[in-house]
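A structural walkthrough
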Amino acid sequence: MAGLHKSEISNPVLNWIDSRLPIFTMIQKEYGVFPTPRNFNYFWNFGALAMINLVIMIATGIFLAMNYTPHATMAFDSVERIMRDVNNGWLLRYVHANGASMFFIVVYIHMLRSLYYGSYKAPRELLWILGVIILLLMMATAFMGYVLPWGQMSYWGATVITNLFSAFPIVGESIVTWLWGGYSVDNATLNRFFSLHYLLPFVLVGVVFLHVAALHVTGSNNPLGIDVKTPQDTLPFHPYYTMKDSVGICVYLLVFAILVFFAPNYLGHSDNYIPANPLVTPAHIVPEWYFLPFYAILRSVPDKLGGVLLMFGSIGVLAVLPWLDTSPVRSASFRPVYRILFWVLVLACVVLGIAGGKPAEGVWVWLSRVATAYYFLHFLVILPILGKFERPLPLPESISRAVLGRDGGFGGGGGGLMPGGAVAKPMEKA
Amino acid sequence: MAESAAAPHVAPEMGGAEVTKRDFLKLVAGAGAAVGAGAIVWPMVDSMNPAADVLALSSTTVDLAPVIPGQAITISWRGKPVFVRHRTLDEIAKAHADDKARLPDPAADATRVKVGREQWLIVVGICTHLGCIPLGNRSTEVRGEYGGWFCPCHGSHYDTSGRIRQGPAPANLAVPPYAFESDTKIKIG
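These numbers come from a predicted model, not from an experiment.

Reading the values: the criteria
Residues numbered from 1 in each chain as written. Chains lettered and ligands numbered in written order. Predicted model: local features only at pLDDT ≥ 70, side-chain atom pairs only at ≥ 80, totals over all residues. Heavy atoms only, no water. Helix = DSSP H or I, 4+ residues; strand = E, 2+ residues; numbered from the N terminus. Rg over C-alpha atoms; globule rule 2.2 N^0.38 Å. Buried < 20%, exposed > 50% of the residue type's maximum accessible area, 1.4 Å probe, protein only. Contact = heavy atoms within 4.5 Å. 1 Å grid on protein atoms, 1.4 Å probe; cavity = no way out; pocket = protein on both sides within 12 Å on 5 of 7 lines; lining within 4 Å. Points joined across faces, edges and corners; volume = space filled by probe spheres on them. Nonpolar A, V, L, I, M, F, W, Y, C, P; charged D, E, K, R; others polar. Polar contact = N/O pair within 3.5 Å; in protein donor to acceptor, adjacent residues only side chain to side chain. Buried area = accessible area lost by both parts, 1.4 Å probe. Salt bridge = Lys/Arg side-chain N within 4 Å of Asp/Glu carboxyl O. pLDDT = per-residue confidence, 0-100.

1. So, the overall build of chain B
- When helices and strands are counted, chain B shows 4 helices and 9 strands.
- Put simply, chain B runs from its N terminus to its C terminus through helices and strands in the order α-α-α-β-β-β-α-β-β-β-β-β-β.
- Here the C-alpha radius of gyration of chain B, 28 Å, is well above what a compact globule of 189 residues would show, namely 16 Å.
- Taking the principal axes of the C-alpha coordinates as reference, chain B spans close to 85 × 40 × 30 Å.
- For chain B, the proportion of its 189 residues judged to be buried stands at 38%.
- Pairs at least 24 residues apart make up 52% of the contacts formed inside chain B by residues separated by at least 6 positions.

Quick look at the structure:
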C-alpha cells in the first residue's frame, strides 16, 4: 500500500478517508492527544474564545450581507430594514455589532495574558508577531465594518481615519484620493469598504491558521513561564482543555448575551442612528471604544504627522517587543518589578481609553500625554533596561513539581522528577 | 549582456561559478514574470482611483446677492462644503493686521481673496487636520479665538482669512479655484 497513510482510525469509512487524506490523524494529534502544560489558568481560554468569536462574526456577517445594500443612498435604510423588517435581522445585527466589541475584549485580554506571562519571548516571537498582524487586520476590518451603516459616526469616522494618510508628505493627498475613489468619502468609498470588510475576515482565518500552526510547533506557554520538560508536565488537550475551554465559552456567551439582549447599544454611539451628512460634522467625534486608546495617542501630539506616526508606532512597538524585553524570565510571577510595571502599563492604557473618549481639552490632553509617554517609555526604555537589573525570584524546577509538590510552594526543596506512579493518580489541575 | 552570453566569464559575486546561458534565461524569465505581474496588478490598483464620472467635476455657480455683510453660506462643490463669507470691514482689517502675526502657514490676506473684492472670502470648508467641517459659518456657532472658524473635532482655530492660527491643523483652509462672473456671481471650479 505504498503511498497511503497508515491510519489507526478503526471506523472503516473514516479509515478509508484518513488513509488518503490524514485529517483525522491530524486532528487527533493536534487537538486530541496534543501535550499541553498541565497548569493553565483561565487566561488560557481566550485564544479559543477569539476563534469562536471570529466564527460568530463570519456567520452573522454572511447573513447580514444578504440584506445589506452598499450604496450611499440606500445603506442606512437597508440597515434599518434589517432591524425592523428582516426576520431576526435585529438579532443578527446586534450579535454582529456587539460581537465586534466582544472580539476586542477577548483579544485585548489574550494580549495582556501574553504580556503578563511573557508568552512573546523566545521561542514564540513569530507566534506573537502573527498575533500583532491579526490585531491590525481586526482593526482594519472593524473600522470598515463600522462605516457600512452609513450613519454620521460612520461617515465622519471614515473621513477622519482616511485623512490620517494625508499626513504623509508629498504622496499623502494622492493616497487619500485613491482610498476614497473620489474627492471625499462617498459611494465609491462605501463600496470598496464593503468589499474589503467581506474579504479581510477570511484573510484573518488564514493568519489565525498560521498563528495556531506556529503555536503547535513551540507548544503553549504557561503561568509559570518555564518550559515543558517531561511528559509529566503536560496533559492531553482532550478532554482536559476542551472541557476547560467549554467552561470559558459558557461564561463568554453569558456576557455576550447580556450585551446583545439587555444593552445592545451600550457600546455604540447614538449619532450613528443619524444618516450620514457630508455637510455637518457631529460636535463630538469618537471612534468605537476599542480604538479610544489609539485615538488618545493620536490627539496627544500637537503635530499632525507626529500624531499619526506615534499612533501607528504604538502597534509597531508591539511587533518588536520580543527583542525589547531583555529578561530571560517569562512569567511576571517571578519578576517582582515587572509585575508592578505591567499594571502601570494597564493603567496607562485605561487612562488613554478614557481620555480618548473626552473632548481634547484641559486635563484630558495632559493625562493622555503622560499616559502616551509612559506607554512608549515602558516598551522602549524600561523593558530593555529592566531585564539587566531586575533580580527574578527562583524558578520552580518543573511544572509538575510546582503543581503537584507537597510543599505547596514554588521551587521548594530539591528532588527530581515525580515518580511515575504519582503522575497517574492526581489528575486534578491546580 | 551580449558579452556574457557569448563568452562565459567568472562573476565574482557568484562565488566563482560560471555565468551560463541558463542564468541569463532565468533572469529574463523572472523579469518578464515581474513585469507581467505588475501589468496585471496596476489596472486593479488604478481602478480604485477616482472614476471618469467623478473626475468630470461640474463647476458650481453661486449667487452672492442675498449674502449680507457678516453672513456666510455653505455650498456643496465636488461633494465638499465650500464656505462663502461676506466679511465685515472689521474682519477684513483684522485679517490684514494679522498678516504680520506668527502664522503656522504664512499667507497674506491679499493672496487669499480677489483684488477689489476683499469682502468675499471663499474657502473649502474642510479642516486641514483630519477633514472635519469647522464651525463658525452660522453666527450662532463658535468661531474660535480668532473670529473665523473653529473645528470641534480636535480644536483647530482659523482666523477671518481662513488661516490656521492654533491647534493641530497644519495648513490654512484651502482656497478653491473660482472667478467672478459678475459683481454678484461666482463660478467655483
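After presenting the structure, the write-up continues.
2. Overview of the layout of surface pockets
Residues and elements named next belong to chain A.
- Reported here for the largest pocket is a volume of approximately 930 Å³.
- Along its surface, the largest pocket is lined by 43 residues, and Gly47, Ala48, His110, His211 and Leu215 are the ones closest to its centre.
- Within the residue set of the lining of the largest pocket, elements represented by two or more residues are α3 (46-65), α5 (89-117), α6 (125-147), α9 (187-218) and α10 (237-262).
- For the lining of the largest pocket, the class distribution of residues is 25 nonpolar, 14 polar and 4 charged.

3. Some points on the side chain of Thr160 of chain B
All names here are of chain B.
- Turning to its location among the elements, Thr160 is positioned in the loop between β6 (156-159) and β7 (164-166).
- Given a relative accessible area of 4%, Thr160 falls into the buried group.
- Polar side-chain contacts of Thr160 include one of 3.1 Å to the backbone oxygen of Glu91.
- Apart from the residues within four sequence positions on either side, Thr160 is in contact with Arg87, Glu91, Lys94, Ala95, Leu121, Tyr146, Gly147 and Gly148.

4. Digging into the interface of chain B and chain A
- The interface of chain B with chain A comprises 25 residues on the first partner and 25 residues on the second.
- A combined buried area of about 2100 Å² lies between chain B and chain A, and 65% of that area is made up of carbon and sulfur atoms.
- Along the contact surface separating chain B from chain A lie 0 salt bridges.
- Inspection of the region where chain B meets chain A yields 7 residue pairs in polar contact (both at pLDDT 80 or more).
- Elements that contribute at least two residues to the side of chain B that touches chain A include exactly α3 (52-55) and β3 (80-86) of chain B.

5. Quick word on the confidence of the model for chain B
Residue and element names in this part refer to chain B.
- Looking at chain B as a whole, its pLDDT mean stands at 85, while 91% of the residues score no less than 70.
- For chain B, per-element mean pLDDT is lowest for helix α1 (residues 2-6), which scores 47, and highest for helix α2 (residues 21-46), which scores 94.
- Below a pLDDT of 50 lies the segment residues 1-6, which in the model reaches 3 contacts outside its immediate sequence neighbourhood of four places, other chains included.
- Confidence metrics for the complex model read pTM 0.84 and ipTM 0.73.

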